[in-house]
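# Observations on the three-dimensional arrangement
Single-letter residue listing:
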Amino acid sequence: MHGLNKCLESAGQDTFGGQGVNKRTPFQLLFVFNQLWKAIKEEGGGKKYLDSIYSVVVNKLLNDGDWQCEAKKNFKQAFQTFETQLQQLEELDGDKGIDDLVDLITETPSNISDPVFSRWKTVMSCTRVVLQYWTQIYFVAVAIKQREIHQKKHSSYICILASALLSLMKEKDTTNVNAYYKPGDKDMCMAQEFDDTQYLVEEQALPPLERGDTPVFYAMLLFFQAFGDAYFDDQFHFVMKDDPVLGEGSFGQTSRFCVERLYIMHKLLAELENDGWKTKIQFKAYKRALRGVSNLEYFDKMAKVFLERFRFVFDKHLRPCWTSDSILHYILGGNQVLANEFARWLVDYKRMSSDDEEPYQFTNQIIDMGAIHYRTTARKNVRINVEECMNYLTADADPAAIMQSDFVKSHWDLIEEMGTFEYIEDTISLFDDTTWGHVDFEPLLEAVWNEIAIHACHQQRCENYVQLAALVAKTSVGEVRRTLRAIILSTIIRPFHQWAKQVLAERNPDKPPPRRVEGAARGELLVKFMRKFSNKLERAKRLAEERNIDIKAIQQKLVNQSMKTSAHHKNKNMNVLLEALTVGKRNITKSEEAAGYIDKPVIMSDGITITFLSMNRSCKNCKSAWTKRNAMWKKKEFHHCESEGCCLAAVHAELKERNIKLSKKDLTFKTIGQKRHEIRAHVAKEVMVDEGKGQHGFVITDVKDFVPKAKLMESIKQMHLDWLNEKKGLST
């Protein structure tokens, strides 16, 4: 499971970029959204407060032409999806449609975890939430920002989050101001009469998108979600399944199926490669979004790079593990047809003469892989070709090494019996003794359970108990329960310990006073203390009655949530928000404007990382000339090198191509680090001045890579890619 998740993480970050302060990537958008959602809930004490804001916002969206115009201008496709959802729910008959409609306009999604790749499925889950609620999320951020501005709290944390989210959600990777909504655009962008007969039925009669209609991160997240629907989610569902024989709670003990599953993962991934994803219905929304992106060429490359990086990590992490000579025999515990094919392959190898170089011919047959491999998301059974599957799994296998493994040597007699059946119809299933014939395969079956199935393919069952401890500690209780806990702690728990320690000290004057009360003494003294406490409580009640104190009013104040300070705070914030939305005008400040650019990972930009350029990656002559410079500095001349694959030569060529002039002395004596800093400064000037990034807090140290202009710098691209892969543990 870790290997599978690593494929998604590496492909996602190498293609779309990572998370971080001021990053302009789709995954940073997810992070900022989640932070804003949590900040709103913390402000109001829970999800109900967030739901109340959400309900107000959706109601205004349904009735406010300016907001609708802003949505159509900034994210036409997402707003059309929202309108379609409403229309479909309104057309449903019965209570189901009404209930779902009410939920859509009054309730926010719950149980959203921080979207980080180190926590399985959180990024994909958050992606689905953001895409489904894109329009509503955007205007919740608008409402929060208007409320804060109305109170002149422009620099509050929640206002900064809202502005950052709005800026990311409307980003179209263009500085053309006409691509974004401005107050006063209402008359220009109001929808005209739409003739749905002129569009294809398969497009669901939606208006066509034009260049600049689609926010760039919306399109990227659509691709990411579609990849999950078409491929990734089914693989994750598989590794979380229970063993069909061991039953419920055995998830993680399915290693006996993992070898054959590896081929299924390979096969399904291959169906998406070489533009195969374009034929999949899961990518329909993404393909429509492409019509509205500003830079179609970049997105064409994006899909290709994403699948290449996923495949690269897949072949480096997953395939070598499950096709290794020490694990390949696990297939004996999986599908019975493949198990028999594997046994026949080993038998054929043992019987083969040294002169026989003819490769073993696996059976050419299509089989159904059964319920364990059912694709939950795609709702499809998996069918494979036996010959293609076994050729893939055994391509790099060494049958001699497999024959020497402890498992095969210990159970060879039974494996040989399994491999002697000549016809595919006579396959033996270890889990069905009616297929065993005259041979007792029970020892081999026991070995499958004791030596193969016991090998966990992930440790999530163990981690669940760790997570349970955290959930017990973090119960997210409300203010009433916290109040009652505080009363119990201050009136019973702490006084009891102080009193009990004093009693024990008096009982044992010769011993040092105990640090805490434990064992039988704790139970004995707690009973005595509670009797005393009950007497005090009865006395307090009598005094309250004598003095006409309303005990019920006190109780009501303690347990009634609406009488808490937090309720007053929530009501105040809600009133200010309603006032800001009713009276205040939509104020688009600089902080929420789209920057007009996105952060492009170095692999996507075909760039070179600044820190990659070093002397130890330069040619031998350059290294030699550099190390001798101190001994002969008076006679030293500039060492001119034009060798391909030499970092120093590439740096000098890049300086020349960019017209960065250095004296001969500087060229001779400045270190490669100082020279690459000249390149960094030149690139920073380009992006800060020419591209306008300087207005968005961009500084020279933000330049981590650059697109080479010199041919010699181009010549080290493959070296650079190998270096990047090595840093990720993917060395070729």
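Report follows, based on the coordinates. (Residues numbered from 1 in each chain as written. Predicted model: local features only at pLDDT ≥ 70, side-chain atom pairs only at ≥ 80, totals over all residues. Heavy atoms only, no water.)

Let us now look at the overall build of the protein. When its secondary structure is counted, the protein shows 32 helices and four strands. Of all intrachain contacts in the protein linking residues separated by at least 6 positions in sequence, the fraction that spans at least 24 positions is 75%. Surface summary for the protein: the accessible area is close to 38600 Å², and the carbon and sulfur share equals 50%. (Helix = DSSP H or I, 4+ residues; strand = E, 2+ residues; numbered from the N terminus. Contact = heavy atoms within 4.5 Å. Areas by Shrake-Rupley, 256 points an atom, 1.4 Å probe, with all protein chains shown as cover.)

The next subject is helix 28 (residues 647–657). Of all 11 residues in helix 28, nine are buried; the element is thus mostly enclosed. If you check which residues of helix 28 are buried, you get Cys647, Leu648, Ala649, Ala650, Val651, His652, Ala653, Glu654 and Leu655. A positive phi of about 60° marks Asn659, the residue just after helix 28. (Buried < 20%, exposed > 50% of the residue type's maximum accessible area, 1.4 Å probe, protein only.)

Running from N to C, helix 3 (residues 47–63) and helix 4 (residues 65–74) point in directions that differ by 90°, and their axes come no closer than 6 Å. Between helix 3 and helix 4, the angle is such that the two are roughly perpendicular. Together, Val57, Lys60, Leu61, Leu62 and Asn63 of helix 3 and Gly65, Trp67 and Gln68 of helix 4 make up the contact between the two elements. Grouping the constituent residues of the contact of helix 3 with helix 4 by class yields four nonpolar, three polar and one charged. (Axes fitted to C-alpha atoms, helices over the stretch in contact; angles between N-to-C directions. Parallel < 35°, antiparallel > 145°, perpendicular 65-115°, else oblique. Nonpolar A, V, L, I, M, F, W, Y, C, P; charged D, E, K, R; others polar.)

Moving on: the pattern of salt bridges. Applying the stated criterion across every chain yields a total of 34 salt bridges. A salt bridge links Asp114 to Lys38; its shortest N-O distance comes to 3.0 Å. One end of the pair, Asp114, is in the loop between helix 6 (94–106) and helix 7 (122–132); the other, Lys38, is in helix 2 (residues 26–44), and 76 residues separate them in sequence. Judged by relative accessible area, Asp114 falls into the partly exposed class, the value being 26%. Among the ionic pairs, Glu43 bridges to Arg147, the shortest N-O distance being 2.6 Å. Linking Glu43 in helix 2 with Arg147 in helix 8 (residues 134–150), this pair joins segments that are 104 residues apart in sequence. (Salt bridge = Lys/Arg side-chain N within 4 Å of Asp/Glu carboxyl O.)

In this section: the environment of Lys661. Relative to the elements of secondary structure, Lys661 occurs in the loop between helix 28 and helix 29 (664–669). Residue class for Lys661 comes out exposed when judged on its relative accessible area of 73%. Between the alpha carbons of Lys661 and Glu678 there is a distance of 9.7 Å; along the sequence they are 17 residues apart.

Negative charge collects at one region of the surface, where Asp432, Asp433, Asp440, Glu442 and Glu446 lie side by side. With respect to the helices and strands, Glu442 occurs in helix 20 (residues 442–453). (Patch = residues over 30% accessible without salt bridge, like charges linked within 9 Å, V, L, I, M, F, W, Y side chains within 5 Å. Lys, Arg positive; Asp, Glu negative; His and termini not counted. Charge placed at Lys NZ, Arg CZ, Asp CG, Glu CD.)

Here we take up the nonpolar core. Trp134, Phe227, Tyr231, Phe299 and Phe310 are the most contacted members of the largest nonpolar core, which has 186 residues in total. The dominant element in this core, judged by the number of residues it contributes, is helix 11 (residues 216–239), at 17 residues. Ile492, Phe496, Val503 and Leu525 belong to the second-largest nonpolar core, a separate cluster that totals eight residues. (Core = buried A, V, L, I, M, F, W, Y, C linked by side-chain atoms within 4.5 Å.)

For Ala71, the location among the structural elements is in helix 4. With a relative accessible area of 0%, Ala71 lands in the buried category. What Ala71 contacts, discounting residues up to four positions off in sequence, is Lys76, Phe79 and Phe139.

Time to look at unusual backbone geometry. One non-glycine residue, Lys152, lies in positive phi territory at about 60°. Looking at where Lys152 falls in the secondary structure, it is placed in the loop between helix 8 and helix 9 (157–170). Taking relative accessible area as the criterion, Lys152 reaches 71% and is therefore assigned exposed. A positive phi angle is found at Asp173, which is not glycine, with a value near 60°. Looking at the element boundaries, Asp173 is found in the loop between helix 9 and helix 10 (186–189).

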